[in-house]
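Residue strings, one per chain:
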Amino acid sequence: MVRREGNAAPSLQDIRYSVRMSRYRLTPSIEQEAILLGHCAHARFVWNLAVEQHRWWRPGRASAPGYLEQCRQLTAARAEHTWLREGPQMVQQQALRDFAQAMTNFMTGTHGRPSWRKAGRHEGFRIVAVKPGDVRRLTRKTGEVRIPKVGWVRFRWSRPVAEDAKSYRITRDPAGRWHVAFASAPGPVPAPANGEVVGIDRGIIVSAALSTGEMVSAHGLTVCEQRRLRRLERRLTRAQPGSNRRITVKRTIARLKTREADRRKDWVEKTSTDVARRFDVIRVENLNVGTMARSARGTADAPGRGVAAKAGLNRGIYRSGWGLLVRRLEEKAPGRVEKIQPAFTSQRCSACGHVDRKSRESQAHFRCTACGYACNADINAAKNIAAGHAVTARGGLGDARPVNREPQLLLLTAQ
Ligand SMILES: [Zn+2]
């Protein structure tokens, strides 16, 4: 996390569009601190119960309870135990939600298995459904935040707080310092109202090609880091199961993978904001990244992609963060993103409209066999996407508009 000290002006990115948490030093009174510690204890207790439930699970036994089931159990436990009932339900429920997220991270391999939280070491809880009136500024340097069952607690107003903060997390570090971190859901970006349309092609080598001719790529790991990751992965296969060495290697791998994911997210945020600001209409291919990544055969739905492109496709799609990019574009430019039928976008000449598989000379080069127009293959595809042109699998000219009657008639006559 990037932290700024003093009055350094935060960039626009920080205030409006970043999904990063911004952290402030919390200064509770002694009485408030006692209640805060109680909240932390509740969150920790609930988290550890969830860990215990999942530790108990073994293959063959009934599956460990999921989030919803755990919430039901929590309600029952609160009815039974006065100590739990005294704490806010939200704090306890969010601990379960955090645990569910941690399990997901563990299953996808980016993080280690969620483990026990220890008193004094992992102290914190989360509050959601924050209303604009729950945070206010007192003086130039102080603000306060309303915390359930604690009341108004002061914090150092070290930089502006996002007005649309929807949740915050309170933490206490081992040194006894308290912090509050606000998370804000970024709002839509205003359209430039210039009538400009852009097409974006997802690439394997470049992460995105724009019809304007720009190519933007997500920076994953550096060559050096990739080498290190490969070395660690080899070391992991040799490490004895259950050994300390294995745990250390696994943790280092997880850290590297997190770094890669963070960079990709950062790239998606910057690119989506930039595109949403510059263009009124944003056209992308209508791809189901989920199915494509799972099965290479899924690309049969999108003919025109070379078979060679399928090599490393799984990794490539995830690495380029394509699905995330489209999702964030739709959030930042609601109603301005159009999805185009992907068929033949890479075989069609964006200059004359001629469709020929041979025009795509290689992964990177496009040269029209009819008119000789030459262009980077991804940018040619992006131009086709921008024009909303696509050709249906039957060879007729298709269009990006919502389905009208004509294609159905075509279908009837063809049968
Ligand atoms: Zn041509």
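Residues numbered from 1 in each chain as written. Predicted model: local features only at pLDDT ≥ 70, side-chain atom pairs only at ≥ 80, totals over all residues. Heavy atoms only, no water.

Q: Explain the confidence of the model for the protein chain to me, please; I cannot follow it from the model alone.
A: Reading predicted coordinates in detail is not appropriate for stretches of low pLDDT. Chain-level pLDDT for the protein chain is 77 on average; 77% of the residues reach the 70-or-more range. Across the protein chain, strand β5 (residues 151–156) holds the top mean pLDDT of 95, while helix α12 (residues 405–414) sits lowest at 30. Counting interchain partners and residues more than four positions distant, the pLDDT-below-50 stretch residues 390–415 has 26 contacts. (pLDDT = per-residue confidence, 0-100. Helix = DSSP H or I, 4+ residues; strand = E, 2+ residues; numbered from the N terminus. Contact = heavy atoms within 4.5 Å.)

Q: Would you explain a positive patch on the surface in this entry?
A: A cluster of like positive charges, contributed by R227, R228, R230, R231, R234, R235, R238, R245, R251 and R255, occupies part of the molecular surface. In terms of residue count, the dominant contributor to the positive patch is helix α6 (residues 223–238) (seven residues). Among the structural elements, R238 can be located in helix α6. (Patch = residues over 30% accessible without salt bridge, like charges linked within 9 Å, V, L, I, M, F, W, Y side chains within 5 Å. Areas by Shrake-Rupley, 256 points an atom, 1.4 Å probe, with all protein chains shown as cover. Salt bridge = Lys/Arg side-chain N within 4 Å of Asp/Glu carboxyl O. Lys, Arg positive; Asp, Glu negative; His and termini not counted. Charge placed at Lys NZ, Arg CZ, Asp CG, Glu CD.)

Q: How do you make sense of the nonpolar core when you look at a structure like this?
A: For soluble globular proteins, the rule of thumb is that nonpolar side chains tend to be buried together. Membership of the largest hydrophobic core comes to 36 residues, with the highest contact counts inside it found for L26, F125, I147, F155, Y168 and F182. No other element matches helix α2 (residues 30–56), which puts seven residues into this core. Apart from residues no more than four positions distant in its own chain, F125 is found in contact with L36, H39, C40, A43, V91, I147, Y168, R169 and I170. (Core = buried A, V, L, I, M, F, W, Y, C linked by side-chain atoms within 4.5 Å. Buried < 20%, exposed > 50% of the residue type's maximum accessible area, 1.4 Å probe, protein only.)

Q: Would you take a moment to explain a nonpolar patch on the surface for this structure?
A: On the surface, F45, L49 and W83 cluster together to form a nonpolar patch covering roughly 280 Å² of accessible area. Within the fold, W83 resides in helix α4 (residues 82–85). Relative accessible area serves as the criterion here: at 42%, W83 is assigned to the partly exposed category.

Q: Just to check I follow, could you spell out the sheet that holds strand β9 (residues 208–210) for this structure?
A: In sheet architecture, strand pairing relies on hydrogen bonds along the backbone and comes in two forms, parallel and antiparallel. A sheet is described by the order of its strands in space; here five strands give the open sequence β10-β9-β8-β11-β12, paired in mixed fashion. Looking at strand neighbours, the two that pair on one side only are β10 (215–216) and β12 (337–340), the edges of this open sheet. In the packing of helix α11 (residues 377–387) onto the sheet, contacts are made with β8 (197–202), β9, β10, β11 (281–285) and β12, and the angle to β8 comes to roughly 135°. (Pairing = 2+ DSSP bridges. Axes fitted to C-alpha atoms, helices over the stretch in contact; angles between N-to-C directions.)

Q: In this structure, what is going on with the coordination of the zinc ion? I would like to understand it.
A: For a metal with four donors in a tetrahedral arrangement, the ideal angle between donors is 109.5 degrees, while six donors in an octahedron ideally sit at 90 or 180 degrees. Taken together, C349 (SG), C352 (SG), C368 (SG) and C371 (SG) make up the protein donors of the zinc ion, found 2.3 Å from the metal. Around the zinc ion sit four donor atoms, and with donor-metal-donor angles ranging over 106 to 113° the site reads as tetrahedral. In the primary structure, the donors to the zinc ion are separated according to the pattern C-x2-C-x15-C-x2-C. Placement of the pair is C352 in the loop between β12 and β13 (365–367) and C371 in the loop between β13 and β14 (374–376), with a sequence separation of 19 residues. Residue C352 is classed as partly exposed on the basis of its relative accessible area of 42%. Under the relative-accessibility criterion, C371 is labelled partly exposed at 41%. (Donors = N, O, S within 2.8 Å, 3.2 Å for Na, K, Ca; no water. Tetrahedral: all angles 85-135°; square planar, octahedral: opposite > 155°, others 65-115°.)

Q: I would appreciate a short explanation of the packing of aromatic side chains in the present structure.
A: The geometry of an aromatic ring pair is captured by the separation of the ring centres together with the interplanar angle, meaning the angle of the planes. Tallying each qualifying case throughout the model produces seven aromatic pairs. Ring geometry for F155 and W157: centres 5.8 Å apart, planes at 20°, overall stacked. The burial state of F155 is the same as that of W157; both residues are buried. One aromatic cluster is present, built from ring pairs that chain together Y24, F155, W157, Y168 and F182. When the ring centre of W152 is taken as origin, the NZ or CZ atom of R136, which lies over that ring, is 3.7 Å away. Just above the ring of Y24 sits the side chain of R159; from NZ or CZ to the centre is 5.6 Å. (Phe/Tyr/Trp six-rings, centres within 6.5 Å; stacked < 30°, edge-to-face > 60°. Lys NZ or Arg CZ within 6 Å of the ring centre and 35° of its normal.)

Q: When you look at the environment of R327 in this model, what are you seeing that I'm missing?
A: Here R327 is to be found in helix α10 (residues 322–332). A residue is classified by how much of its surface remains accessible, and R327, at 47% relative accessible area, is partly exposed. Counting along the chain gives 59 residues from R327 to V268, while the straight-line C-alpha distance between them is 9.7 Å.

Q: Hey, could you run me through the side chain of R126 in this one?
A: As for its placement among the helices and strands, R126 is situated in strand β2 (residues 123–127). With a relative accessible area of 18%, R126 lands in the buried category. For R126, the side chain forms a polar contact with the side chain of Q94, separated by 3.3 Å. Here D98 takes part through its side chain, which lies 2.4 Å from a polar atom of the side chain of R126. The contacts of R126, once residues within four sequence positions are left out, are M90, V91, Q94, R97, D98, Y168 and R169. (Polar contact = N/O pair within 3.5 Å; in protein donor to acceptor, adjacent residues only side chain to side chain.)

Q: Teacher, can you tell me more about the environment of R245 here?
A: Position of R245 among the secondary structure elements: in helix α7 (residues 244–278). Along the primary structure R245 and R235 are separated by 10 residues, whereas in three dimensions their C-alpha atoms are 9.5 Å apart.

Q: What is the right way to look at helix α5 (residues 89–107) in this model?
A: Side chains three or four residues apart in an α-helix point the same way, a direct result of the helix having 3.6 residues per turn. Its 19 residues place the ends of α5 27 Å apart at the C-alpha level, agreeing with the 27 Å of an ideal helix rising 1.5 Å per residue. By the burial criterion, the buried members of α5 are V91, Q92, Q94, A95, L96, D98, F99, A102, M103 and N105. Buried residues in α5 make contact with α2, α3 (67–80), α4, β2 and β6 (165–172). (Expected span 1.5 Å × (residues − 1).)

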